[in-house]
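Structural features, examined
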Amino acid sequence: MRIAVLGAGTMGQGIAAVMAAASHEVTVVDAVDRIEGCVTAVRDRARRHGGDVTGTIGGTHDLGAAVRGAEVVFEAVPEQLPLKLEVLAGVSENAAPAAIVATNTSSLPLDRLAGALSHPSRFLAAHFFNPAETIPGVEVAGTEQTDPEVTATLVALLRSAGKEPIEVGSCVGFVANRLQLALFREALACVEEGVITAEDLDILVRRTIGVRLPAFGPFAVADMAGLDVYHAIFTVLHEAYGERFEVPPMVSRLVEDGRLGVKSGAGFLNYTADELRELTARRDVLYKRLLEAAS
Ligand SMILES: NC(=O)c1ccc[n+]([C@@H]2O[C@H](COP(=O)([O-])OP(=O)(O)OC[C@H]3O[C@@H](n4cnc5c(N)ncnc54)[C@H](O)[C@@H]3O)[C@@H](O)[C@H]2O)c1
């Protein structure tokens, strides 16, 4: 496929590297003086990521020329609404009506960005994580106007390039950044209260709750801990810290229904008898391997 990547900074280079390593014809567009430097950086990153780079990598300052022949355009210019609107308007003027336009915005509302395009049904978000060539997951979000076929095509493109697209609703900040910032906000609160240093907090996270996350998400972790246990902890933390730790009604409901997690056979998630039997052993093996890999 012919792919244009707009903005060849931290993210654009990574996205271009992913696509070049997957044999696509990639053109990066940037406002920097030395565009050759961006191309070299993309090629180096693609090589480190994928070995042989069979796709071509070009660079230009000319957005119009780059997007004119592109089947997919990835936008990765800085997170400023007026700039993104200007760049997307330039894409709209020059790209073929059938081209798919994907923004890598972290937080800007997709509906506002879609307003810059004359074919908003071809627009959606592909939110990569840094470094884009290494982190597997990519959040994919459309607006109400996005054609489902466009989403399906982008998802297939990402999969074929070795990524793991995960579709999310079109909310500000999507999902991963909301989770990441919620954790960071509480980490800052702990440091500001003086209960731990920033250095020790990083160690604590890496050696406790962080060990679990590559293997199990927050709902699986909660089910393994026991939702009655979470209910009790929320109750105490709510008294100490107020509103932000109020017992979530969903947790209360599940506890009332006897869905306490793995120990009662179901919680947030459902488990087959086989899964329940194997879960603890699988968990212990995974944690051991993850700790070995991280050391
Ligand atoms: N850095 C991250 O960890 C991260 C992660 C996910 C998403 N994002 C999002 O990705 C986008 C890009 O972020 P980044 O970290 O790569 O920024 P960056 O500053 O590293 O790169 C942006 C690039 O865009 C170029 N640029 C500026 N104006 C331009 C224009 N008019 N035309 C073409 N190129 C132009 C800049 O010269 C720069 O090289 C933002 O929307 C950001 O929120 C960033």
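Residues numbered from 1 in each chain as written. Predicted model: local features only at pLDDT ≥ 70, side-chain atom pairs only at ≥ 80, totals over all residues. Heavy atoms only, no water.

Residues in close proximity to the ligand total 22 residues, the closest being Met11, Asp30, Glu79, Lys84 and Ser106. Between the ligand and Val77, the relevant distance is 3.4 Å, taken from an oxygen atom to a main-chain nitrogen or oxygen of the residue. Protein contact buries 73% of the 830 Å² of open area that the ligand shows by itself. Looking at the shell around the ligand, the elements with two or more residues in it are α1 (10–21) and α4 (81–94). Per element, the largest residue contribution to the shell around the ligand is three residues, and it comes from α4. (Near = heavy atom within 4 Å. Polar contact = N/O pair within 3.5 Å; in protein donor to acceptor, adjacent residues only side chain to side chain. Areas by Shrake-Rupley, 256 points an atom, 1.4 Å probe, with all protein chains shown as cover. Helix = DSSP H or I, 4+ residues; strand = E, 2+ residues; numbered from the N terminus.)

Here we take up the domain arrangement of the chain. When the parts of a complex come together, some accessible area is lost, and that lost area is often taken as the interface size. What the domain assignment reports for the chain is domain 1 (2–167) and domain 2 (208–294). Between the C-alpha centres of domain 1 and domain 2 there is a distance of 37 Å. (Domains from an automatic or database assignment.)

With that settled, the discussion passes to helix α13 (residues 273–294). Along its 22 residues, α13 runs 32 Å from first to last C-alpha, staying within 8% of the 32 Å computed at 1.5 Å per residue. Of all the bends in α13, the greatest, near 45°, is centred on Leu279. (Expected span 1.5 Å × (residues − 1). Bend = angle between axes of the 7 residues up to and from the residue.)

For the rest of this paragraph, the subject is the pairing of strand β1 (residues 2–6). For β1, the tally of buried residues reaches four of five residues, placing the bulk of the element in the interior. Bridging between β1 and strand β2 (residues 25–29) involves five bridges; their strand directions are parallel. Paired with Arg2 across the strands is Glu25, a residue of β2. With α1 bridging β1 and its parallel neighbour β2, the resulting β-α-β unit is right-handed. Taken together, the four bridges between β1 and strand β4 (residues 72–75) define a ladder with parallel strand orientation. Counted as the bridge partner of Ile3 is Val72 from β4. (Buried < 20%, exposed > 50% of the residue type's maximum accessible area, 1.4 Å probe, protein only. Pairing = 2+ DSSP bridges. Right-handed = clockwise from strand over helix to strand, strands pointing away.)

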